[in-house]
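# Secondary and tertiary structure notes
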Amino acid sequence: IDPLTLTRAVLREAMVRAAPLPGVAPDHVVVTYPLLPGVGPEELIADAAAEEFGPTATLVPAPVAAVARLAAEHGLGDDAVVAVVDVGGSSVDVTLVRRTPTAFDLVGDPATLADLGGVDLDGAVLSLVEGAIGDVSSMVAPGDSAGMLALRRLRASCRAAKERLSVDDTAV
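Keep in mind that this is a model prediction, so the values were computed, not measured. (Residues numbered from 1 in each chain as written. Predicted model: local features only at pLDDT ≥ 70, side-chain atom pairs only at ≥ 80, totals over all residues. Heavy atoms only, no water.)

## A closer look at helix H4 (residues 118-133)
Since the α-helix turns once every 3.6 residues, residues separated by three or four places project in the same direction. This is how the line gets drawn: Each helix corresponds to a stretch of at least 4 residues labelled H or I by DSSP, and each strand to a stretch of at least 2 residues labelled E; elements are numbered beginning at the N terminus. One less than the number of residues in a helix, times 1.5 Å, gives the span that helix is expected to have. Only protein chains enter the accessibility calculation, which uses a 1.4 Å probe; a residue whose area is less than 20% of its type maximum is buried, one above 50% is exposed, and one in between is partly exposed. What the arc measures is the spread of directions leading from the helix axis to the C-beta atoms. By definition in these notes, contact holds between two residues if any of their heavy atoms fall within 4.5 Å.
Here H4 is 16 residues long and its end C-alpha atoms lie 22 Å apart, about the 22 Å a rise of 1.5 Å per residue gives. Those residues of H4 that sit buried are Gly118, Asp122, Val125, Leu126 and Glu130. The arc that holds the buried residues of H4, viewed along the axis, is 140°, so those residues lie on one side. Seen from the buried face of H4, the exposed residues on the opposite side, beyond 90 degrees, are Leu128 and Gly131. Buried positions along H4 lie against strand S3 (81-87) and helix H5 (145-165). One or two residues past the end of H4 sits Gly134, with phi positive at roughly 105°.

## A word on the environment of His28
Condition: Counting of polar contacts relies on pairs of N or O atoms within 3.5 Å, with two restrictions inside protein: one atom must be capable of donating a hydrogen and the other of accepting it, and residues adjacent in sequence are counted only when both atoms are side-chain atoms.
Here His28 is to be found in the loop between helix H1 (3-18) and strand S1 (29-33). Relative accessible area serves as the criterion here: at 44%, His28 is assigned to the partly exposed category. Considered as a pair, His28 and Gly54 are 26 residues apart in the sequence and their alpha carbons are 9.7 Å apart. Not counting chain neighbours up to four residues away, the residues in contact with His28 comprise Thr56, Ala57 and Thr58. A polar contact of 3.0 Å, which involves the side chain of His28, links it to the backbone oxygen of Thr56. Within the local environment of His28, its side chain forms a polar contact with the side chain of Thr58, the two groups lying 2.5 Å apart.

## Observations concerning the sheet that holds strand S4 (residues 92-99)
As a reminder, the rule being used: We treat two strands as partners when DSSP finds at least two bridges between them. Geometry is summarised by axes, namely lines fitted to C-alpha atoms with helices restricted to the contacting stretch, and by angles between N-to-C directions that run from 0 to 180 degrees.
If you walk across this open sheet you meet the three strands as S3-S4-S5, and the pairing is antiparallel. Looking at strand neighbours, the two that pair on one side only are S3 and strand S5 (104-113), the edges of this open sheet. Sheet twist, expressed as the mean angle between neighbouring strand axes with direction ignored, is 20°. The sheet contact formed by S4 and S5 spans seven bridges and is antiparallel. Along S5, the bridge assignment pairs Arg99 with Phe104.

## Remarks on unusual backbone geometry
A negative phi holds for most residues other than glycine; trans holds for most peptide bonds. Phi is positive for Asp79, close to 70°, though the residue is something other than glycine. Tracing the chain through its elements places Asp79 in the loop between helix H3 (62-74) and S3.

## Thoughts on the nonpolar core
Our working definition: What we call a nonpolar core is a set of buried Ala, Val, Leu, Ile, Met, Phe, Trp, Tyr and Cys residues that are connected through their side-chain atoms within 4.5 Å.
In this structure, Leu11, Val29, Val31, Tyr33, Leu35, Ile45, Ala48, Ala49 and Phe53 together form the largest nonpolar core, which totals nine residues. Counting residues per element, the ones that place at least two in this core are S1 and helix H2 (42-53). Among the elements that make up this core, the one with the highest residue count is H2 (four residues). Apart from the residues within four sequence positions on either side, Ala48 is in contact with Leu4, Thr7, Arg8 and Leu11.

Coordinates in, geometry out; function isn't part of it.
So this is what it looks like as structure tokens:
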């Protein structure tokens, strides 16, 4: 399957899942895209959105959309600069966005920390857990199927706790 067809299918399915009632279509669609160094996915997403939604679609960089929502919900003064930190699975992207009286502008180029990401945070949560219950990871032998299964479950629980902590103050 080609990237354009796949991207259109993702946008279509997202719209179906987001609709409050079957067949309800929005008057306007805002599609965000990540800012990536070099050539990013903006053109592909723009083409897919145009084919899928027509002229009702507007593309907005994801960090700009995040700051626009923050401004709408909490108010930001003119010339406020916000650091948007996007923790992905294998990297962290940081973008500075300035609110002006009429727009939201990028400040400089986005930065990517390729050696830090969600996987590293999963490991940090696992380390905290092992600090409380004892070293589990090095105690399981590779041939111990039951032990390896338990370790996989523990790691999955740590990942779920990390994800929970992105929206809540506590996780169990």
